[in-house]
Amino acid sequence: MEGYALCKRYGRYYQETFIKLWLHRDKLGIIENLGGYIYRTAARTTLNHLRAALNRDKKMIELGLLSRPSAEQSAPTPLDLVSANKVRELIRTAVDQLTPQQQKIYSLNREVGLKPAAIAAELNLSVSTVKNHLSDALKQIGAYIIRSGYDLSAIFYALILLS
């Protein structure tokens, strides 16, 4: 049921993602990580729609076609639902539950900014091992966030606005 609800809510984004994949299907043969490619395409599609909605609302407010909602009228935004500190705390707690090797690889990638090849060289691991550890870590972090009762799209949106 959870998957159906997500498809119903974000169906147009999923549909647009797969249309983009179909239009660029000639590139699919050279992509090493198809799952990552699909995820990145879906994330960018969703982000583009969120940005367009924000810009549309700003322009309508500037033109006087839409009034700025008062505090008691406005629906909570993703930033209202998930504060920056709560997001960081939630991710930090999830990272603390990873294996030591996953924590080290995650930290080098997300906090230091190293690419998997550089991490592999530094830790004397294969690049595929680093990619696997990083992928598993991200899956576990996402699962932790969902188990904690948060909507990943709201957290993703909040992190994009804060960066």
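We now turn to the structure provided with this report. Just so you know, these numbers come straight off a predicted model, no measurement behind them.

Cut-offs used in this document
- Residues numbered from 1 in each chain as written.
- Predicted model: local features only at pLDDT ≥ 70, side-chain atom pairs only at ≥ 80, totals over all residues.
- Heavy atoms only, no water.
- Helix = DSSP H or I, 4+ residues; strand = E, 2+ residues; numbered from the N terminus.
- Expected span 1.5 Å × (residues − 1).
- Buried < 20%, exposed > 50% of the residue type's maximum accessible area, 1.4 Å probe, protein only.
- Axes fitted to C-alpha atoms, helices over the stretch in contact; angles between N-to-C directions.
- Parallel < 35°, antiparallel > 145°, perpendicular 65-115°, else oblique.
- Contact = heavy atoms within 4.5 Å.
- Nonpolar A, V, L, I, M, F, W, Y, C, P; charged D, E, K, R; others polar.
- Salt bridge = Lys/Arg side-chain N within 4 Å of Asp/Glu carboxyl O.

**Things to note about helix H2 (residues 34-62)**
Reasoning step 1: The end-to-end C-alpha separation of H2 is 42 Å, in line with the 42 Å expected for 29 residues at 1.5 Å each.
Reasoning step 2: Among the residues of H2, those classed as buried are Thr-41, Ala-42, Ala-43, Thr-45, Thr-46 and Leu-47.
Reasoning step 3: Count one or two residues on from H2 and you reach Gly-64, which has phi positive near 80°.

**Quick look at the packing of helix H5 (residues 100-112) against helix H7 (residues 127-147)**
Reasoning step 1: Close contact between H5 and H7 brings their axes to 9 Å; oriented N to C, the two are set at 95°. With respect to H7, the element H5 is oriented roughly perpendicular. Of the residues in H7, those in contact with Gln-101, Gln-102, Ile-105, Tyr-106, Asn-109 and Arg-110 of H5 are Val-130, His-133, Leu-134, Asp-136, Ala-137, Leu-138, Gln-140 and Ile-141.
Reasoning step 2: Class assignment for the residues of the contact of H5 with H7 results in 7 nonpolar, 5 polar and 2 charged.

**Observations regarding unusual backbone geometry**
Reasoning step 1: In the Ramachandran plot, Asn-124 falls in the positive-phi region, its phi being about 55° despite a non-glycine side chain.
Reasoning step 2: As for its placement among the helices and strands, Asn-124 is situated in the loop between helix H6 (116-123) and H7.
Reasoning step 3: On the accessibility criterion, Asn-124 (71% relative accessible area) is exposed.

**Quick look at the pattern of salt bridges**
Reasoning step 1: The tally for this structure, following the rule as stated, stands at 4 salt bridges.
Reasoning step 2: The closest approach of N and O atoms between Glu-16 and Lys-20, which form a salt bridge, is 3.6 Å. Residue Glu-16 and its partner Lys-20 are both found in helix H1 (residues 2-23); the two are separated by 4 residues, about one turn of the helix.
Reasoning step 3: Taking the shortest distance from any N to any O, the salt bridge between Asp-96 and Arg-92 comes out at 4.0 Å. With a gap of 4 residues between them, Asp-96 and Arg-92 both fall in helix H4 (residues 84-96), about one helical turn apart.
Reasoning step 4: For Arg-92, a relative accessible area of 37% gives the class partly exposed.
Reasoning step 5: Taken together, the salt bridges that share partners define one network made up of Arg-92, Asp-96 and Glu-111.

**Some details on the side chain of Gln-102**
Reasoning step 1: Note on placement: Gln-102 falls in helix H5.
Reasoning step 2: What Gln-102 contacts, discounting residues up to four positions off in sequence, is His-133, Asp-136, Ala-137 and Gln-140.

These figures come from the coordinates and say nothing about function on their own.
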